[in-house]
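Chain by chain, the residues:
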Amino acid sequence: MDHFDFEQLHIRPRFRFTVPYKTEPLVKHLRQKFLSRSHKFPAKVVGNHFVLDVPEHVSHFWSPRVSFEIEVDEDDPDKSLVRGIIGPKSNVWTMFMFIYFGIGIVGLFGSLYGLSKLSLGKESTLFVWAFPIALLLMSTAYFASKSGERLGSDQINLLKTFFRDSWKELQE
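Residues numbered from 1 in each chain as written. Predicted model: local features only at pLDDT ≥ 70, side-chain atom pairs only at ≥ 80, totals over all residues. Heavy atoms only, no water.

*Asks:* I tried to follow the packing of helix H2 (residues 90-119) against helix H4 (residues 130-151) on my own but got confused; where do I start?
*Replies:* Where H2 contacts H4, the two axes come as close as 8 Å, and the packing angle between them is 170°. Classed by the angle they form, the pair H2 and H4 counts as roughly antiparallel. Of the residues in H4, those touching H2 at Phe-96, Ile-99, Tyr-100, Ile-103, Gly-104, Gly-107, Gly-110 and Ser-111 are Ala-130, Phe-131, Ala-134, Leu-137, Met-138, Ala-141, Tyr-142 and Ser-145. A breakdown of the residues in the contact of H2 with H4 according to their chemical character gives 11 nonpolar, 5 polar and no charged. (Axes fitted to C-alpha atoms, helices over the stretch in contact; angles between N-to-C directions. Helix = DSSP H or I, 4+ residues; strand = E, 2+ residues; numbered from the N terminus. Parallel < 35°, antiparallel > 145°, perpendicular 65-115°, else oblique. Contact = heavy atoms within 4.5 Å. Nonpolar A, V, L, I, M, F, W, Y, C, P; charged D, E, K, R; others polar.)

Right, dumping it as structure tokens:
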């Protein structure tokens with residue numbers, strides 16, 4: 001199996017690697033394993049798409065999830081390509097993207113309005129500061145997300161370990 005280093009991952013990172021198993025047996029094995037409830041991780045399986053969550057009794061707002069798909073490797077049909085994403089749940093991700101977008105738009109247009117008024121010789125000190133204030137607010141949101149990432153780091157490690165160990169039974 002190609003080595004994949006999860007430690008390179010950052011904000012909602014994507015991963016892609018191949019495993020030396022045919023796709024159908026691998027998907028069947030993982031579907032049975034994840035849906036058997038013989039483990040503590042809630043899983044959703046739709047076709048070749050899998051989603052692993054943190055157990056509900058330890059889950060919190062910042063809890064991560066692993067979402068991945070398994071496909072036939074185009075270069076070698078005897079291998080499978082695993083592509084996925086590990087990061088916060090989609091509601092957390094969407095909230096932060098909305099915050100960044102909203103602050104950015106207000107900051108940009110506020111600054112443009114203020115600079116336009118200044119160029120016309122009118123007083124507009126408040127609006128000129130809209131862009132620096134927006135950068136400060138975006139930085140605050142970024143550091144809040146990094147703090148949340150640290151809160152979920154132990155759970156990320158649990159998910160990564162379970163994810164890696166899921167293939168071991170096929171080797172036997």
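*Asks:* What should I look at first to understand the nonpolar core in this one?
*Replies:* The tendency in soluble globular proteins is for nonpolar side chains to be buried side by side. Among the nonpolar cores identified, the biggest contains 23 residues, and Phe-34, Leu-52, Phe-68, Ile-70, Val-82, Phe-163 and Trp-167 are the most heavily contacted of them. When residues of this core are traced back to their parent elements, those giving at least two are strand S1 (14-19), helix H1 (23-35), strand S2 (43-46), strand S3 (49-53), strand S4 (64-72), strand S5 (80-88) and helix H5 (153-165). The element contributing the most residues to this core is H1, with 4 residues. Leaving out residues up to four positions away in the same chain, Leu-52 has contacts with Phe-34, Pro-42, Ala-43, Arg-65, Val-66, Phe-68, Leu-159, Phe-162 and Phe-163. (Core = buried A, V, L, I, M, F, W, Y, C linked by side-chain atoms within 4.5 Å. Buried < 20%, exposed > 50% of the residue type's maximum accessible area, 1.4 Å probe, protein only.)

*Asks:* Hey, could you run me through the sheet that holds S3 in this one?
*Replies:* Within a sheet, each strand pairs with its neighbour through backbone hydrogen bonds, oriented either parallel or antiparallel. What the 5 strands build is an open sheet, ordered S1-S5-S4-S3-S2; its pairing is antiparallel. Two strands bound the open sheet, and with one partner strand each, they are S1 and S2. Strand-to-strand twist in this sheet, taken as the mean axis angle between neighbours without regard to direction, amounts to 20°. The pairing of S1 with S5 spans 6 bridges and is antiparallel. Opposite Val-19, over in S5, you have Ser-80 as the bridge partner. Across the sheet, H1 is in contact with S1, S2, S3, S4 and S5; its angle to S4 comes to roughly 150°. Strands S1, S3, S4 and S5 of the sheet are contacted by H5, whose axis makes an angle of about 25° with S4. (Pairing = 2+ DSSP bridges.)

*Asks:* Looking at this model, I keep getting lost on the side chain of Asp-73. Mind explaining?
*Replies:* Tracing the backbone shows Asp-73 in the loop between S4 and S5. An unpaired buried charge is present at Asp-73: no salt bridge exists, and Lys-79, the closest side chain of opposite charge, is 5.9 Å distant. Among all residues touching Asp-73, those that are not within four sequence positions of it are Thr-18, Lys-79, Ser-80 and Leu-81. (Lys, Arg positive; Asp, Glu negative; His and termini not counted. Salt bridge = Lys/Arg side-chain N within 4 Å of Asp/Glu carboxyl O.)

*Asks:* I keep staring at the pattern of salt bridges and nothing clicks. Help me out?
*Replies:* If charged atoms from side chains of opposite charge come close, those side chains can pair. Counted by the stated rule, this structure contains 6 salt bridges. The residue Asp-53 makes a salt bridge to Arg-65 at a minimum N-O spacing of 2.8 Å. With Asp-53 in strand S3 and Arg-65 in strand S4, this residue pair connects regions lying 12 residues apart in the sequence. Since its relative accessible area comes to 8%, Asp-53 is described here as buried. As a salt-bridge pair, Glu-149 and Lys-146 come within 3.0 Å of each other at their nearest N and O atoms. Highlighted residues: Glu-149 and Lys-146, both in helix H4, separated by 3 residues, approximately one helical turn. When its relative accessible area of 30% is taken as the criterion, Glu-149 is described as partly exposed.

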